[in-house]
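So the chains spell out like this:
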Amino acid sequence: EDEAAQVEQKRVKGIERNGKKPFAGVMLMRTATADASGPPKPHDLRTLRAQFPTVRPLFTLQVGAWSTFGEKGADYDDMRAAAERYCADLRAKGHEAWFLHDEDSETSIVAVGHFDRRAYDPKSTLFSPEVEELMRKFPANLVNGEPLLIPVDPRNPKGKTKPQPCRLVEVPAV
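Residues numbered from 1 in each chain as written. Predicted model: local features only at pLDDT ≥ 70, side-chain atom pairs only at ≥ 80, totals over all residues. Heavy atoms only, no water.

A. Local environment of the overall build of the protein chain. What the protein chain contains, in helices and strands, is five helices and 10 strands. The dimensions of the protein chain, computed from C-alpha atoms along their principal axes, are 65 × 45 × 35 Å. Taking all 174 residues of the protein chain together, 32% fall into the buried category. In the protein chain, 58% of the contacts between residues at least 6 apart in sequence involve partners at least 24 apart. Total accessible area computed for the protein chain in this model is approximately 11700 Å², and 54% of it derives from carbon and sulfur atoms. Averaging the coordinates of the 26 positive side-chain charges in the protein chain and doing the same for the 26 negative ones gives two points 6 Å apart. (Helix = DSSP H or I, 4+ residues; strand = E, 2+ residues; numbered from the N terminus. Buried < 20%, exposed > 50% of the residue type's maximum accessible area, 1.4 Å probe, protein only. Contact = heavy atoms within 4.5 Å. Areas by Shrake-Rupley, 256 points an atom, 1.4 Å probe, with all protein chains shown as cover. Lys, Arg positive; Asp, Glu negative; His and termini not counted. Charge placed at Lys NZ, Arg CZ, Asp CG, Glu CD.)

This is the structure in structure tokens:
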């Protein structure tokens, strides 16, 4: 939306070398958002990564996501606020909760706990007892505050449904 960026894009697209326009397909792209480039708020998932900079991988359990899903009229500021409220509610109940905002996808997640590589065994496909315990406490991954229902049998999408379970996610590098 930045007019100066659009002017620069047009200039770069017009550059010619040897009769060709090597940058004709150049696109504008956000490289950092105010949230991502500014100091993190308390309980921002980036602060968890900062506490454990050498733990690779570092996991957390995603228990909810708020997103506009590209819907016209949906307000991402409202989604961000809802995610932060849910995080605060979970913290008030004694859970180690975190949020992470992704402005490009207009999605905010809320996650609980933190785990190292022992959280999941790829050979046995089993989660650690600590992860299993949290999954029992949070049996559904909320989407915009509601459980997302998925088919019990993926081959029968119109059959019985169940809430999508929470999922283990890697904490991104700062």
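B. View of the nonpolar core. With 24 residues, the main nonpolar core has Val63, Tyr86, Leu90, Val110, Val112 and Phe138 as its most contacted residues. Listing elements by their share of this core, those giving two or more residues are strand S1 (59-67), helix H4 (76-92), strand S2 (97-102), strand S3 (107-115) and helix H5 (129-137). Top element by residues in this core is H4. It accounts for seven residues. Not counting the four nearest positions on each side in its chain, Phe138 is found in contact with Val63, Tyr86, Leu90, His95, Val112 and Cys166. Core analysis: the next-biggest nonpolar cluster, separate from the first, contains eight residues, Leu45, Leu48, Leu100 and Val171 among them. (Core = buried A, V, L, I, M, F, W, Y, C linked by side-chain atoms within 4.5 Å.)

C. Spatial organisation of the packing of aromatic side chains. Scanning all chains against the criterion turns up two aromatic pairs. A ring pair is formed by Trp66 and Tyr86, whose centres lie 5.4 Å apart and whose planes are at 50°; its orientation type is tilted. Of this pair, Trp66 sits in strand S1 while Tyr86 sits in helix H4, and the two are 20 residues apart along the sequence. By relative accessible area, Trp66 is classed as buried at 7%. Taken together, a centroid distance of 5.3 Å and an interplanar angle of 50° make the contact between Tyr120 and Phe127 tilted. (Phe/Tyr/Trp six-rings, centres within 6.5 Å; stacked < 30°, edge-to-face > 60°.)

D. How the structure looks around the side chain of Asn141. Mapped onto the fold, Asn141 is located in the loop between H5 and strand S6 (142-143). In this structure the side chain of Asn141 is engaged in a polar contact, spanning 3.1 Å, whose partner is the backbone nitrogen of Gly64. (Polar contact = N/O pair within 3.5 Å; in protein donor to acceptor, adjacent residues only side chain to side chain.)

E. Quick peek at H5. Burial in H5 covers these residues: Val131, Leu134 and Met135. End-on view of H5: buried residues confined to an arc of 105°, all on one side of the axis. Those residues of H5 that are exposed and aimed more than 90 degrees away from the buried face are Pro129 and Arg136. Check the buried side of H5 and you find it contacts S1, S3, strand S5 (126-127) and strand S10 (167-170). (Arc of directions from axis to C-beta.)

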